[in-house]
Amino acid sequence: MSLKCHFELMATYNRWMNAKVYDAASKLDKETLHADKGAFFGSVFSTLNHLMVADTIWLKRFADHPAHFAALEPAHELPMPHALNQPLHCELPSLHKAREGMDEMIVKFVGETTESDFEQPLSYKNTKGEPYVRQFGPLLQHFFNHQTHHRGQITTLLTQSGVDVGVTDLAALVPEWQQP
């Protein structure tokens, strides 16, 4: 599998899992959704919010890639979050709508990439303003891994609250083997 195909699968998985997690979260009452359950960002809602914050930060960085991905042009207009727990939305429906839009942007952006794009350096600053230059491909893998990490926390919190997210395995989206 090429890196491009791998990242397209990850973008599809990301969108699929986010839809499942938001559907499950919508079954919680407001008190449970916002209850601090001891996770790194506290509640289900705050962890969902953190993923939007982190994705915004990374997509704004990726928008400065030398390839100038057209699908990431809207990322330039997004306000840069100042903290990893900065509230972006107060209610789940508006956060969900923003998530759906972001997931579509991610799918389109990854669709624009080429194999050579993953080998290019990306210059960016971390949230403390420290400059970095790193290879783009591993940064994109980090982006997807970060989402998976926190969605794992969210699915645990949902399960502890009595809500089953269902199948979460990436293997569910891996196509059947076709003999070349």
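This text follows the structure it describes.
## Here we look at the packing of aromatic side chains
Considering all chains together, one arrives at 15 aromatic pairs under this definition. Seen from their ring centres, Tyr13 and Trp16 are 6.0 Å apart, and the 45° between their planes marks the pair as tilted. Of this pair, Tyr13 and Trp16 both sit in helix H1 (residues 3-25), 3 residues apart, roughly one helical turn. In this structure Tyr13 comes out as buried when scored by relative accessible area, which is 8%. If you follow Arg61 out to its NZ or CZ, it ends over the ring of Trp58, 4.3 Å from the centre.

## With respect to helix H3 (residues 44-62)
Between the first and last C-alpha of H3 there are 27 Å, a value that for 19 residues agrees with the 27 Å anticipated at 1.5 Å per step. In terms of burial, H3 is largely enclosed, as 18 of its 19 residues are buried. Where H3 begins, one side-chain oxygen reaches toward the backbone nitrogen of Phe45, 3.4 Å away; that side chain belongs to Ser43.

## Focus: the pairing of strand S2 (residues 131-135)
Relative to S2, strand S1 (residues 121-125) is paired through 5 bridges, and the arrangement is antiparallel. Within S2, the position partnered with Ser123 by the bridge is Val133. What sits between the antiparallel neighbours S1 and S2 is a turn of 5 residues, in which Gly129 has the positive phi angle 85°.

Parameters and conventions
Residues numbered from 1 in each chain as written. Predicted model: local features only at pLDDT ≥ 70, side-chain atom pairs only at ≥ 80, totals over all residues. Heavy atoms only, no water. Phe/Tyr/Trp six-rings, centres within 6.5 Å; stacked < 30°, edge-to-face > 60°. Helix = DSSP H or I, 4+ residues; strand = E, 2+ residues; numbered from the N terminus. Buried < 20%, exposed > 50% of the residue type's maximum accessible area, 1.4 Å probe, protein only. Lys NZ or Arg CZ within 6 Å of the ring centre and 35° of its normal. Expected span 1.5 Å × (residues − 1). Polar contact = N/O pair within 3.5 Å; in protein donor to acceptor, adjacent residues only side chain to side chain. Pairing = 2+ DSSP bridges.

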